[in-house]
Amino acid sequence: MKWEGNRESDNVEDRRGESNSGGSPRGILGGGRIGIGTIAIALVASYFFGINPMTVLSLLSGGSGPSQSVSQQPSEANNQAPANDRSTRFVRTVLADTEDVWDKIFRASGKQYVRPKLDVFTGSIRTACGSGDTASGPFYCPGDQKVYIDLAFFQTMRDRFQVNSEFAQAYVIAHEIGHHVQHLTGISDKVDQQRNAMSEKQGNAASVKLELQADCFAGVWAFHANQARSILESGDIEGALKAASAIGDDTLQRQARGQVVPDSFTHGSSEQRVRWFTRGIQSGKLNECNTFAASQL
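Source: prediction; values computed, not measured. (Residues numbered from 1 in each chain as written. Predicted model: local features only at pLDDT ≥ 70, side-chain atom pairs only at ≥ 80, totals over all residues. Heavy atoms only, no water.)

### Focus: the overall build of the chain
The condition that has to hold: Under the scheme used here, helices are H or I runs from DSSP no shorter than 4 residues and strands are E runs no shorter than 2 residues, and both carry numbers assigned from the N terminus. Three exposure classes are used, based on accessible area relative to the maximum for each residue type with a 1.4 Å probe and protein chains only: buried under 20%, partly exposed in between, and exposed over 50%. In this analysis, two residues are considered to be in contact whenever any of their non-hydrogen atoms come within 4.5 Å of each other. All accessibility values rest on the Shrake-Rupley procedure with a 1.4 Å probe; residue burial counts only the protein chains present in the view.
Summing up its helical and strand segments, the chain has ten helices and six strands in all. Classification of the 297 residues of the chain by burial places 52% in the buried group. Here the analysis covers contacts within the chain between residues at least 6 apart in sequence; of these, 75% occur between residues at least 24 apart. For the chain, the computed accessible surface area is about 13,400 Å², with 46% contributed by carbon and sulfur atoms.

As structure tokens, this is what we get:
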């Protein structure tokens, strides 16, 4: 992926080393014993696409995942000078690229894109959506319109999961920005309201559509970023598709217990995640990402 020398965003807050006065968030082992193999699978999902490992662990057990909790607002970012290491510059550059793309898309429809903040942290952090930690991987909180990421996950992707693709890493960030777009357009709020009148099975199906749409939005970003700045290199798309396939609900469940329970899916199958990202990156059109109107996911 060609990104060096491109614009870097000013909306990255460096909160590494910041004290979490609320205490460490509840770990993934809280409440009971979980097999190491299952934990590893949960961590794969969280490191790749910011899926909370508790959600994955519940998914693998046939549940719908934990509900979102609300805690105190996070404190202000540290006043320290921003770090200038390669990983930090990469994150700032990718965020800037998403800003440029979504600014243009929103402006074309007569709307204004509200740029989210991205908080870099280590260990644990308090957010408007509850406590987050390194094991959660990158995640988006609609309560404060922020993406949170511990940069250690990039190294983990390389060392533990043999994913050495910067575009796959950018895809992770773009997926979370996709959730921000859903928040700004009211899509996620509408789905949350509808869930109150849904069964668990129906709620899971709605969650799948929301996640697949975020995958498609990530593809839309990649399409426009490549058109404007030629960021893609040979093997980039293949690397992102491989990552998407690796964390499909069916793949995770099959690895964990040898069987698949489609009604418990919350993020979509490997085939679905690949299909919707591909749809976005091939078309570059938001109307191609309407998973809620699709006859087949």
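### Describing the state of the cysteines
Heads up, the condition is: A pair of sulfur atoms, both from cysteines and within 2.5 Å, is called a disulfide here.
Counting across every chain of the model gives two disulfides. Once the bonded cysteines of the chain are numbered in order along the sequence, the disulfide links fall as 1-2, 3-4.

### Some points on the sheet that holds strand E5 (residues 139–141)
The condition that has to hold: For two strands to be treated as a pair, DSSP must find at least two bridges joining them. Axis angles are defined between N-to-C directions and span 0 to 180 degrees, where every axis is a line fitted to C-alpha atoms and, for a helix, only to the segment in contact.
Spatial strand order, E1-E2-E6-E5: four strands in an open sheet with mixed pairing. Edge positions in the sheet fall to strand E1 (12–14) and E5, since each has one partner strand and no second. For this sheet the average axis-to-axis angle between neighbouring strands, irrespective of direction, equals 25°. Each of strand E2 (117–120), E5 and strand E6 (146–149) is contacted by helix H5 (residues 166–184), which is oriented at about 20° to E5, the strand it contacts most.

### Focus: the packing of helix H3 (residues 86–108) against helix H7 (residues 200–229)
Defined as follows: By definition in this entry, angles of less than 35 degrees are roughly parallel, angles greater than 145 are roughly antiparallel, angles of 65 to 115 are roughly perpendicular, and the rest are oblique. Amino acids are sorted into nonpolar (Ala, Val, Leu, Ile, Met, Phe, Trp, Tyr, Cys and Pro), charged (Asp, Glu, Lys and Arg) and polar (every other residue, Gly among them).
For the pair H3 and H7, the least separation of the axes is 9 Å and the interaxial angle reads 95°. For the element pair H3 / H7, the angle class is roughly perpendicular. Contacts between H3 and H7 involve Asp97, Thr98, Asp100, Val101, Trp102 and Ile105 from the former and Phe217, Val220, Trp221, His224, Ala225 and Arg229 from the latter. Residues of the contact of H3 with H7, tallied by class, amount to seven nonpolar, two polar and three charged.

### Things to note about H7
Where we set the bar: Expected span of a helix: the number of residues minus one, times 1.5 Å.
The end-to-end C-alpha distance of H7, which contains 30 residues, comes to 43 Å, matching closely the 44 Å that a straight helix rising 1.5 Å per residue would cover. At the exit of H7 stands Ser230, carrying a positive phi of roughly 50°.

### Some details on the packing of H3 against H5
In plain terms, the rule: We call a crossing left-handed when the near helix sits turned anticlockwise from the far one by less than a right angle, and right-handed when that turn is clockwise.
Put simply, H3 and H5 touch, their axes get as near as 10 Å, and they point 40° apart. One finds that H3 runs oblique with respect to H5. In this structure, H3 meets H5 at a crossing whose hand is right-handed. Across the interface between the two elements, Arg86, Phe90, Val91, Val94, Leu95, Thr98, Trp102 and Phe106 from H3 touch Glu166, Gln169, Ala170, Ile173, Ile177, Val181 and Leu184 from H5. Class assignment of the residues belonging to the contact of H3 with H5 gives a composition of eleven nonpolar, two polar and two charged.

### A short note on the confidence of the model for the chain
Just so we agree on the cut-off: Within a predicted model, pLDDT stands for the predictor's per-residue confidence, ranging from 0 to 100.
Of all residues in the chain, 74% have pLDDT values of 70 or greater, and the mean over the chain is 79. Here residues 21–41 scores under 50 on pLDDT; set against residues more than four positions off or in separate chains, the count is 27 contacts. Low pLDDT, under 50, characterises residues 53–81; the predicted model gives this stretch 80 contacts beyond four residues in sequence or across chains.

### Looking at the environment of Ile237
Examined against the element boundaries, Ile237 turns out to sit in helix H8 (residues 236–246). On the basis of relative accessible area, Ile237 is assigned to the partly exposed category, the value being 30%. For the pair Ile237 and Phe277, spaced 40 residues apart in sequence, the C-alpha separation works out to 9.8 Å. Discounting residues that sit within four places of it in the chain, Ile237 has contacts with Phe167, Leu232 and Ile281.

### Section: the pairing of strand E4 (residues 130–133)
Taken together, the four bridges between strand E3 (residues 124–127) and E4 define a ladder with antiparallel strand orientation. Bridge pairing in E4 places Arg126 opposite Ser131. Between E3 and E4, which pair antiparallel and follow one another directly, the connecting turn spans two residues.

### Remarks on the pattern of salt bridges
Defined as follows: Here a salt bridge means any side-chain nitrogen of Lys or Arg lying within 4 Å of a carboxyl oxygen belonging to Asp or Glu.
Counted by the stated rule, this structure contains 16 salt bridges. The partner of Asp97 in a salt bridge is Arg229, with the nearest N and O atoms 2.6 Å apart. Of this pair, Asp97 sits in helix H3 while Arg229 sits in helix H7, and the two are 132 residues apart along the sequence. Classification of Arg229 by relative accessible area gives partly exposed; the value is 27%. Salt-bridge contacts for Asp103 lead to Arg115; the nearest nitrogen and oxygen are separated by 2.4 Å. Of this pair, Asp103 sits in helix H3 while Arg115 sits in the loop between H3 and E2, placing them twelve residues apart in sequence. By relative accessible area, which is 16% here, Asp103 ends up buried. Residue classification places Arg115 among the partly exposed residues on the basis of a relative accessible area of 35%.

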